[in-house]
Amino acid sequence: MPNTDPNCLFCKIVRKEIPADEVLRDEHVVAFRDLNPQAPTHVLVIPTEHAAHLSDFAQSANDAGAARLLSAAAEIGRRFGRDGYRVVMNEGPDGGQTVHHLHAHVLAGRHMTWPPG
Ligand code: AMP
Ligand code: ZN
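Residues numbered from 1 in each chain as written. Chains lettered and ligands numbered in written order. Predicted model: local features only at pLDDT ≥ 70, side-chain atom pairs only at ≥ 80, totals over all residues. Heavy atoms only, no water.

Describing the coordination of the zinc ion (ligand 2)
Link 1 in the chain: Taken together, the protein ligands of the zinc ion (ligand 2) are C8 (SG), C11 (SG), H50 (ND1) and H101 (ND1), with distances of 2.0 to 2.3 Å.
Link 2 in the chain: Between the 4 donor atoms coordinating the zinc ion (ligand 2), the angles at the centre fall across 104 to 115 degrees, so the site counts as tetrahedral.
Link 3 in the chain: Mapping the donors of the zinc ion (ligand 2) onto the primary sequence yields the spacing C-x2-C-x38-H-x50-H. Taken together, the residues C8 in the segment before α1 (9–14) and H101 in the loop between α4 (92–95) and β5 (104–108) connect sequence positions 93 residues apart. (Donors = N, O, S within 2.8 Å, 3.2 Å for Na, K, Ca; no water. Tetrahedral: all angles 85-135°; square planar, octahedral: opposite > 155°, others 65-115°. Helix = DSSP H or I, 4+ residues; strand = E, 2+ residues; numbered from the N terminus.)

Dropping the structure here:
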């Protein structure tokens, strides 16, 4: 079992203590649909190991875990995207992070604009 935080919302999804609409799960990552979707497909990809922030993850993750986060995001983007998709990580207060377990948002199924808000 990976290193999880008993009080973390997304660790509870990893441990299946709260339900999630999962689209992918393996040793390194869990991916599930966002409760408040911002695109026709909005999936969150999280590492199974708890890391609150990207900098923590960069230090604690092994190469296989770090690579898998990216390859899973790409897999989901290809599966649900039409002609592309967007992958976003919100980091810290200025980045708009609300859940302190690292996650990549995969947004697909509509044309995205730039810059984001
Ligand atoms: P962020 O603002 O980048 O930290 O993103 C957190 C995301 O988690 C938001 O888009 C929320 O809608 C989503 N979220 C919060 N709780 C849940 C949950 N239980 N299941 C699925 N998505 C969730
Ligand atoms: Zn966690």
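Still more to cover.
A short note on the sheet that holds strand β2 (residues 29–33)
Link 1 in the chain: Reading across from one edge, β1-β2-β3-β5-β4 is the order of the 5 strands in this open sheet, with antiparallel pairing throughout. Unpaired on one side and paired on the other, β1 (22–25) and β4 (86–88) mark the two borders of the sheet. Averaged over all adjacent pairs, the angle separating strand axes in this sheet is 20 degrees, with direction ignored.
Link 2 in the chain: As paired strands, β1 and β2 are joined by 3 bridges and run antiparallel to one another. Its bridge partner being in β2, E22 is matched across the sheet by F32. (Pairing = 2+ DSSP bridges. Axes fitted to C-alpha atoms, helices over the stretch in contact; angles between N-to-C directions.)

Quick look at the pattern of salt bridges
Link 1 in the chain: Using the criterion set out here, one finds 5 salt bridges in the structure.
Link 2 in the chain: Among the ionic pairs, D21 bridges to R33, the shortest N-O distance being 3.7 Å. Of this pair, D21 sits in the loop between α1 and β1 while R33 sits in strand β2, and the two are 12 residues apart along the sequence.
Link 3 in the chain: For R25, the salt bridge is made with E22, and the minimal N-O distance between the two is 2.9 Å.
Link 4 in the chain: Of the residues examined, R25 reaches a relative accessible area of 32% and is grouped as partly exposed.
Link 5 in the chain: Overall, the relative accessible area of 30% leaves E22 in the partly exposed class.
Link 6 in the chain: Through salt bridges with shared partners, a single network forms among D26, R68 and E75. (Salt bridge = Lys/Arg side-chain N within 4 Å of Asp/Glu carboxyl O. Buried < 20%, exposed > 50% of the residue type's maximum accessible area, 1.4 Å probe, protein only.)

Some remarks on the site of ligand 1
Link 1 in the chain: Close to ligand 1 lie 15 residues; D34, N90, T98, H103 and H105 are nearest.
Link 2 in the chain: Between ligand 1 and D34 there is a distance of 2.5 Å, counted from an oxygen atom to a side-chain nitrogen or oxygen.
Link 3 in the chain: With respect to ligand 1, the side chain of H105 contributes an N or O atom lying 2.8 Å from an oxygen atom.
Link 4 in the chain: Protein burial of ligand 1: of its 510 Å² of free accessible surface, 83% is covered by the chains. (Near = heavy atom within 4 Å. Polar contact = N/O pair within 3.5 Å; in protein donor to acceptor, adjacent residues only side chain to side chain. Areas by Shrake-Rupley, 256 points an atom, 1.4 Å probe, with all protein chains shown as cover.)

Some thoughts on the packing of aromatic side chains
Link 1 in the chain: This structure, assessed with the given rule, holds 1 aromatic pair.
Link 2 in the chain: Residue placement shows R33 over the ring face of F80; its charged tip is 5.0 Å from the ring centre. (Phe/Tyr/Trp six-rings, centres within 6.5 Å; stacked < 30°, edge-to-face > 60°. Lys NZ or Arg CZ within 6 Å of the ring centre and 35° of its normal.)

Details of unusual backbone geometry
Link 1 in the chain: Cis peptide bonds are those with omega within 30 degrees of zero, and the linkage from W114 to P115 qualifies with 5 degrees.
Link 2 in the chain: Here P115 lies in the segment after β5.
Link 3 in the chain: In this structure, K16 is a non-glycine residue whose phi angle is positive, near 60 degrees.
Link 4 in the chain: Considering the arrangement of structural elements, one finds K16 in the loop between α1 and β1.
Link 5 in the chain: Looking at K16, the relative accessible area reads 59%, which means it is exposed.

All we've got here are geometric facts, nothing functional implied.
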